[in-house]
Amino acid sequence: MSTAQLTWTLFRKDVAIAARSREVLGFLVIFSLLCAVVFAFGFLREGRAAQEHVPGVLWVTLLFTNTLGLLRLYSADEEAGAWTLALRSIGGPTPLFWSKAMLQLGFSTIVCVVLWPAVAIFLDARAIAVHWTALALLLGLLGQALFGALCAGLLAQIRLREVLLPLVLYPLAAPLLLAGVKVTALALDGAQWPEMQSWLLLMLAFDAIAVVLCPWLFARAVT
Amino acid sequence: MPTADEGETAVLCARSVGWACEGRWVLLDATLALAPSSVTVVWGANGAGKSTLLKICAGLMQPDRGSVELSGRDFADLDPAAVASRVAWLGHEPALYLDLSATENLLLSSTLMGDPQPVARVLAALASVGVAVADCHRPVRGFSRGMQQRTALARMAMAPQSVWLLDEPATGLDADGVRILAHILDTARVHGRAIVVASHDFSFLGQADAWWQLRNGALTAGQPR
Amino acid sequence: MPNRHRTTPLLSWALAASFALCATAIGWVFWATPIDDNLGIVQKIFYIHVGAAFAMLLCMVAAAGAAVVDLMAPNEPVDAFGRAFTEVGLVFALIVLTSGPLWARKSWGAWWTWEPRLTLTLLAAFIAVAVIAVRGFAAGPRGGRKIGNALIVLAAPTAYLIHIAVQKWGGTHPQVIQGGGIANWQMRLAFWGCVAAILAVAFAMVALRGRVLRLQTTVADLQLERQAVQLRRARQQAQALSQTALAASLNTAPPA
């Protein structure tokens, strides 16, 4: 049994559970829409919300929704002690990490697919250079899923983790947020690759660090 | 106390294990050697440290003192996955995904243990612990605690590992369930497993090979009166 | 019997010397250096601000190094000093974050700007708070130690990316020391004197805090050792008692 096969087994299990209970994903989508509406209220000027707020609203809403999702990421595993079963798999704890990162990436992608058009409609944004924003969102959500799966796993056995997760995750995810907001803003202004290149490369560098460090730290520090 | 000879032939051997929590020794100088084809009972009052000892033997916790060896090799030198592939552990909780059915749970855990089983074998194992065919495909969330424990026992019955550590395995079981548990342990012993049962209730264990009382953090040979 | 756990005289002297040095440097700053032509009296914050920033940076880097070492191979002294570096680093980060805005208000006209170094310092302070909180709230010292170290290891490369990101994002970066450095020799002397004094204080604080943490571990170990002796004695007594009881029951047994 390779790590990849075990990861796939665990991921399929998580998808089956998510498909059956359905509660978490549905609430995440609703929460993200609600959050965007609240932000829009905060930015209303003379009954209209401006396009310039799209990047901020989109990325901060995604971060908040991800935080909520991460707090529930390991809940099925903790419920009846199945956590130890997955940790003590024949491939060690790493397959558990990868399966959870994949699940979180899947959840946040689905949320994003609903949220992004909604934010664009709420804030009256034009659809230009959508592909650059899509690329930035993909890189951003990947990095957040990897860091998030690690942090949520590390904090799973700690009391007050609801409070500690944002405290731990937000400073670490800051580069993704800064770069993501910038790329989205540039894309809305009609900028092209040369202007966005360095920001997207920064996000790529962040993801590369996450791919290498997170599984290693998970295997070492999660008990 | 096991002698040095016993330690060498043992599959799993905990040597002078100590573990402290909040400035108190839960375990101190706890020594336990497990021979193949044997059932060992660890008994003692609530809070004596039975669960802690089993978790340390399963590699889930690191001892503060002493060491645990698997066929003469220290846990510290072994990959956690290597320990997991040799030592099966059943804790207080049944370790089930409550939204999956009993069959799915067993298929998943057999894959995680590196020994994927066909559905027919899983269904047979569930039948042998008395889970009705109609219940095999229902989410285990709807099961009673006793039925969940039976499902966990079916998983143990299929476990390929040579060392079995069971923490209060009779939790929630009715008289019939306890008989099934005794039968599973007997069969496993015949097949060469080294088994430890930690419990404060041992009505189901007339035929154990060794009895150890855990008291004051250490193990002393002796059967409860 | 000599008490090897008494604070060593060397450490006490180092601490006293560092505070004396600090007092002298501050005295020098306020009485012997001229008032800056452009910024006025506020410029004097600069002497403390920059020194504190150096101390913070050194502490954070050292804490990251200690975390890597301890995660690879657990080591008690390394862990104790890693914690001390994190805590002292946070203290100096707070000094930087307090003195910075006071000075910024006067020199840049705003309490806060999203300047790279400011932003990085703020986020580093948040990360240090998170690490200290996680260590405090984890069940037992073992888990918290690993998780705290993992967070620091994760934060180290991220800090570099934050720095790049904010630098690209921030636009203008107010330059503190123009090309030629500090022209006035008295200012220069006071500046380097302050940096040396604050680094000495930081070093003394880390040494003291690390020592306290190590002593706490020693005390806990000694208490456990005492408890182990008591536990073994209780076991022997219980064994002796059961043997006496056995002998008594044999003696009083009726003749067959």
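Up top you'll find the structure we're talking about.
Bear in mind that the values here come from a model prediction, so they are computed numbers and not experimental data. (Residues numbered from 1 in each chain as written. Chains lettered and ligands numbered in written order. Predicted model: local features only at pLDDT ≥ 70, side-chain atom pairs only at ≥ 80, totals over all residues. Heavy atoms only, no water.)

All names here are of chain A. Enumeration according to the criterion identifies 12 aromatic pairs over all chains in this entry. With a centroid separation of 5.7 Å and an interplanar angle of 35 degrees, the aromatic rings of tryptophan 8 and phenylalanine 11 are classed as tilted. Note that tryptophan 8 and phenylalanine 11 are positioned in helix H1 (residues 3–21) at a spacing of 3 residues, about one turn of the helix. Here phenylalanine 39 and phenylalanine 64 contribute two aromatic rings whose centre-to-centre distance is 6.3 Å and whose plane-to-plane angle is 25 degrees, an arrangement assigned as stacked. A residue pair is termed long-range when its members are at least 10 positions apart, and phenylalanine 39 in helix H2 (residues 23–43) and phenylalanine 64 in helix H3 (residues 54–71) qualify at 25 residues. Residue phenylalanine 64 is classed as partly exposed on the basis of its relative accessible area, which comes to 33%. (Phe/Tyr/Trp six-rings, centres within 6.5 Å; stacked < 30°, edge-to-face > 60°. Helix = DSSP H or I, 4+ residues; strand = E, 2+ residues; numbered from the N terminus. Buried < 20%, exposed > 50% of the residue type's maximum accessible area, 1.4 Å probe, protein only.)

Another point: the packing of H3(A) against helix H8 (residues 161–172) of chain A. All names here are of chain A. Where H3 contacts H8, the axes come no closer than 10 Å and their chain directions differ by 135 degrees. Classified by the interaxial angle, the pair formed by H3 and H8 is oblique. When you trace H3 past H8, the crossing you get is right-handed. From H3, Leu63, Phe64, Thr67, Leu70 and Leu71 reach across to H8, where they touch Arg161, Glu162, Leu165, Pro166, Leu169 and Tyr170. Its residues assigned to classes, the contact of H3 with H8 shows 8 nonpolar, 1 polar and 2 charged. (Axes fitted to C-alpha atoms, helices over the stretch in contact; angles between N-to-C directions. Parallel < 35°, antiparallel > 145°, perpendicular 65-115°, else oblique. Left-handed = near helix turned anticlockwise from the far one by under 90°. Contact = heavy atoms within 4.5 Å. Nonpolar A, V, L, I, M, F, W, Y, C, P; charged D, E, K, R; others polar.)

What follows is about the interface of chain A and chain C. In this assembly, 30 residues from chain A lie in contact with 27 residues from chain C. Roughly 2700 Å² is buried in total at the junction of chain A and chain C, and carbon and sulfur atoms are behind 84% of that figure. On inspection of chain A and its partner chain C, the count reaches 0 salt bridges. Where chain A touches chain C, the interface holds 1 residue pair in polar contact (both at pLDDT 80 or more). Listing elements by their share of the side of chain A that touches chain C, those giving two or more residues are helix H7 (130–155), H8, helix H9 (174–188) and helix H10 (193–221) of chain A. Grouping the constituent residues of the side of chain A that touches chain C by class yields 25 nonpolar, 2 polar and 3 charged. (Buried area = accessible area lost by both parts, 1.4 Å probe. Salt bridge = Lys/Arg side-chain N within 4 Å of Asp/Glu carboxyl O. Polar contact = N/O pair within 3.5 Å; in protein donor to acceptor, adjacent residues only side chain to side chain.)

Turning next to the sheet that holds strand E10 (residues 218–221) of chain B. All names here are of chain B. Strand order across the open sheet formed by 6 strands is E6-E7-E8-E3-E9-E10, with mixed pairing between neighbours. Here the strands that pair on one side only, and so sit at the sheet edges, are strand E6 (87–90) and E10. This sheet shows a mean twist of 20 degrees between the axes of neighbouring strands, independent of strand direction. Where strand E7 (residues 163–167) and strand E8 (residues 194–199) come together, 5 bridges link them in parallel fashion. Bridging from a neighbouring strand, leucine 166 pairs with valine 197 of E8. (Pairing = 2+ DSSP bridges.)

Facing 14 residues of chain B, the contacting portion of chain C comprises 11 residues. For the pair chain B and chain C, the summed buried area comes to about 1100 Å², and 44% of that belongs to carbon and sulfur atoms. Taken as a group, B:Trp25, B:Leu28 and B:Asn216 account for 45% of the area that chain B buries against chain C, more than any other trio of residues on that side. Linking chain B with chain C are 3 salt bridges, by the criterion used here. The salt bridge involving B:Asp29 is made with C:Arg235; its shortest N-O contact spans 3.2 Å. Taken together, the links from chain B to chain C amount to 7 residue pairs in polar contact (both at pLDDT 80 or more). For the side of chain B that touches chain C, the elements supplying multiple residues, two or more each, are strand E1 (12–21) and strand E2 (24–34) of chain B. Of all the elements, E2(B) adds the most residues to the side of chain B that touches chain C, at 4 residues.

Attention shifts here to the sheet that holds strand E4 (residues 65–70) of chain B. Reading across the sheet, the 4 strands line up as E2-E1-E4-E5 (chain B) and stay open at both edges, with antiparallel pairing between neighbours. The sheet is open, and its two edges are formed by E2 and strand E5 (73–74) of chain B, each paired on a single side. Pairing of E4(B) with E5(B) involves 2 bridges; the strand directions are antiparallel. Following the sheet pairing, B:Leu70 is matched in E5(B) by B:Arg73. Strands in contact with helix H2 (residues 50–57) of chain B are E1, E2 and E4 of chain B; relative to E2(B), the strand with the most contacts, it is inclined by about 55 degrees. Its contacts with the sheet put helix H6 (residues 185–251) of chain C on E1, E2 and E4 of chain B, and the angle it makes with E2(B) is roughly 60 degrees.

Before going further, it helps to spend a moment on the pairing of strand E9 (residues 210–215) of chain B. Residues and elements named next belong to chain B. Pairing of strand E3 (residues 38–43) with E9 involves 4 bridges; the strand directions are parallel. Bridging across to E9, threonine 40 finds its partner in alanine 210. Direction of pairing for E9 relative to E10: antiparallel, over a ladder of 4 bridges. In the strand pairing of E10, leucine 214 is matched with leucine 219. What sits between the antiparallel neighbours E9 and E10 is a turn of 2 residues, in which asparagine 216 has the positive phi angle 50 degrees.

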